[in-house]
Amino acid sequence: MSGIVVDTDRFDSLIPLLAEGGYTVIAPTVHEETIVYDEVTAASDLPIGWTDVQEAGTYRLTERDDGAYFGYTVGPRTLKAYLYPPRQTLLTIEHAETGLAFCPEPVEPRKYAFVGVRACEIAAVEIQDRVLIDNDFTDPHYEEARKRSFTVGVNCSVAGATCFCSSMGTGPRCTSGYDLVVTELLDSDSHEFVVRSGTEAGEEIVQSLGGRPTTAADSLRVNTIIADTEAHMGRSFPEADAYELLTNNLESPIWDSIAERCLSCTNCTLVCPTCFCSTMDDITDLKGTATRIRSWDSCFSLDFTNLHGHSVRSTVGSRYRQWMTHKFAYWYDQFGSSGCVGCGRCITWCPVGIDITKEIAILESQSKAVAL
Ligand code: SF4
Ligand code: SF4
């Protein structure tokens, strides 16, 4: 595996190269005053010269005073939208001569190249792999999409006010899970990209891009950029043992306090790159064909917890508690890691600005006060 340094002209050939290789290229782009992942055909589709200003409950785009290609952080759309789509047909049941024919939905042979993926997002995909592939049941649609996908990671050169990947150990440096990783080197005199391969497929692209070999000075600049990003991380996750803290405080008054603010709108779970809850709908037509469709759902929905005609989590507080305890405690029991990568999306996109880092810190200080 090798590293090169390319100028903007050479870097601009990356997206067409991936498209020539049969990939549908997905990258950040400006859409409705937000930076979201979408299909792109050229580097000019990237949010060049834009940045995002995020805080709890707010998101604004502003122009930068330079031509940075990756001078922003994460937007509301995640790779989950492509690898585990919001609506997926799973099965069709039709009348056949011998009875009923059960026809699983064929797996779509689409190849995605994801460009501009942040370290926390790669970590989120690795978590979803554990849930949807390395588990008792494998989702064939997700597994095939993952096998065929190509990932171009980006080491973050800016940190958002709601980012806390550093304290979750998932960023801002991409350390695994990429075919290529890019670091943007931008100053008043030059604009270049350090591109390193992480797989054979990535190495082929490096060879095609050309460019000069990296030097020790380039590596030093990369390390300085990443260290600076880390130093400007907007938030951090409390150092407390979240598993212990949460499971020892299931009846804490904090859940009622959060419930007074939480709208149970589900935004936090829909923007979260690791949340995977879904529901099934069986739809029949007049010919007698039934189609089973899986759609994203949320533990914040009252219907999601409906069992035998009643919701087992009828209060907003109990549903918020379920979300938080699953993310930071029971996820370890099920999948061996936290369910949070510190991307900060649930903080930014919560319409009332509920901040999980702050709520955990409050819980921690309340617990300490009780222990005194
Ligand atoms: S819980 Fe929030 S910060 Fe953690 S991964 Fe999900 S959206 Fe990101
Ligand atoms: S925490 Fe915020 S985003 Fe999540 S359900 Fe409640 S109001 Fe909606």
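As a reminder, the structure under discussion sits directly above these lines.
One numbering rule holds for all chains: residues counted from 1, following each sequence as written. Labels are handed out in written order, letters beginning with A for the chains and numbers beginning with 1 for the ligands. With the structure being a predicted model, the display of local features is reserved for residues of pLDDT at least 70 and the display and counting of side-chain atom pairs for 80 or more, all residues being used for whole-chain, interface and lining totals. The basis for every side-chain value is the complete set of heavy atoms in the structure, and neither hydrogens nor water enter the calculation.

A. Seen up close, the overall build of the protein chain. Only DSSP runs of H or I with at least four residues qualify as helices, and only runs of E with at least two residues qualify as strands; both kinds are numbered from the N terminus onward. Of regular secondary structure, the protein chain possesses 14 helices and 16 strands. Radius of gyration: over C-alpha atoms. The globule rule applied is 2.2 Å multiplied by the number of residues raised to the 0.38 power. Here the protein chain has a C-alpha radius of gyration of 22 Å; the compact-globule value for 372 residues is 21 Å, and the two agree. Taking the principal axes of its C-alpha atoms as reference, the protein chain extends roughly 75 × 65 × 35 Å. The classification of residues rests on relative accessible area computed with a 1.4 Å probe and restricted to protein chains. Under 20% of the type maximum is buried, over 50% is exposed, and intermediate values are partly exposed. Put simply, the protein chain has 372 residues, and 49% of those count as buried. In what follows, a contact means two residues having at least one pair of non-hydrogen atoms within 4.5 Å. Restricting to contacts in the protein chain with at least 6 residues of sequence separation, those with at least 24 account for 70%. Accessible surface area values rest on a Shrake-Rupley calculation with a 1.4 Å probe, where residue burial reflects the displayed protein chains alone. Accessible surface, the protein chain: about 17500 Å² in total, of which carbon and sulfur atoms supply 51%. For this count, His and the chain ends are skipped, Lys and Arg are scored as positive, and Asp and Glu as negative. For charged residues, the charge sits on one atom: NZ in Lys, CZ in Arg, CG in Asp, CD in Glu. Across the protein chain, the mean location of the 29 positive side-chain charges is 3 Å away from that of the 52 negative side-chain charges.

B. Spatial organisation of the sheet that holds strand 6 (residues 87-96). Two strands are counted as paired when DSSP detects at least two bridges linking them. The antiparallel open sheet is built from four strands, whose spatial order is 7-6-14-13. With one partner strand each, in any of the chains shown, strand 7 (99-104) and strand 13 (278-284) form the two edges of the open sheet. The average undirected angle you get between the axes of adjacent strands in this sheet is 20 degrees. In terms of strand pairing, strand 6 meets strand 14 (residues 290-296) through six bridges, oriented antiparallel. Its bridge partner being in strand 14, I93 is matched across the sheet by A290. Working convention: axes come from line fits to C-alpha atoms, limited for helices to the stretch in contact. Angles between N-to-C directions cover 0 to 180 degrees.

C. Region of the structure containing the pairing of strand 4 (residues 50-55). Two elements, strand 4 and strand 5 (residues 58-63), share six bridges in a ladder whose sense is antiparallel. Looking at the pairing, D52 lines up with L61 of strand 5. If you look at the hairpin formed by strand 4 and strand 5, you'll find two residues sitting between the two strands, and G57 has a positive phi there, around 80 degrees.

D. Fine view of the site of ligand 1. For each residue, the test is whether any non-hydrogen atom lies within 4 Å of the molecule or strand; if one does, the residue is near. Taken together, 13 residues lie around ligand 1, and C272, C340, C343, G344 and C346 are the ones closest in. Contributing elements (two or more residues each) for the shell around ligand 1: helix 12 (316-335) and helix 13 (345-348). Residues that form the shell around ligand 1 fall into these classes: nine nonpolar, two polar and two charged. Gly falls in the polar group here, along with every residue not listed as nonpolar (Ala, Val, Leu, Ile, Met, Phe, Trp, Tyr, Cys, Pro) or charged (Asp, Glu, Lys, Arg).

E. Examining the nonpolar core more closely. Grouped together as the largest cluster of nonpolar side chains are 33 residues, with contacts concentrated most on L79, L83, F114, Y142 and V341. Taken together, the elements giving at least two residues each to this core come down to helix 3 (80-83), strand 8 (112-118), helix 4 (119-132), helix 5 (140-148) and helix 12. Among the elements that line this core, the one with the most residues is helix 4, at nine residues. With residues up to four places along the chain from it excluded, the contact list for Y142 reads L83, Y84, V125, Q128, D129, L132 and I133. Residues F11, L61, V195 and I205 belong to the second largest nonpolar core, which totals 30 residues. In this text, buried Ala, Val, Leu, Ile, Met, Phe, Trp, Tyr and Cys residues form a nonpolar core when linked through side-chain atoms within 4.5 Å.

F. Highlighting the packing of helix 10 (residues 254-261) against helix 12. One way to put it is that helix 10 packs onto helix 12 with a least axis distance of 8 Å and a crossing angle of 110 degrees. One finds that helix 10 runs roughly perpendicular with respect to helix 12. Residue-level contacts link W255, I258 and A259 of helix 10 to V316, G317, Y320, R321 and M324 of helix 12. Split into classes, the residues belonging to the contact of helix 10 with helix 12 amount to six nonpolar, one polar and one charged. Orientation is classified from the angle alone, with under 35 degrees giving roughly parallel, over 145 giving roughly antiparallel, 65 to 115 giving roughly perpendicular, and any other angle giving oblique.

G. View of the pattern of salt bridges. One side-chain nitrogen of Lys or Arg within 4 Å of one carboxyl oxygen of Asp or Glu is enough to make a salt bridge. Per the counting criterion, the structure on display carries 15 salt bridges. Salt-bridge contacts for R345 lead to E121; the nearest nitrogen and oxygen are separated by 2.6 Å. Of this pair, R345 sits in helix 13 while E121 sits in helix 4, and the two are 224 residues apart along the sequence. No difference in accessibility class separates R345 from E121, as the two residues are buried. Its salt-bridge partner being R212, residue E192 comes within 3.5 Å of it at the nearest N-O pair. One end of the pair, E192, is in strand 11 (residues 191-197); the other, R212, is in strand 12 (residues 212-213), with 20 residues separating them in the sequence. What makes R212 partly exposed here is its relative accessible area of 33%. Because the salt bridges share partners, they merge into one network encompassing E55, R235 and D355.

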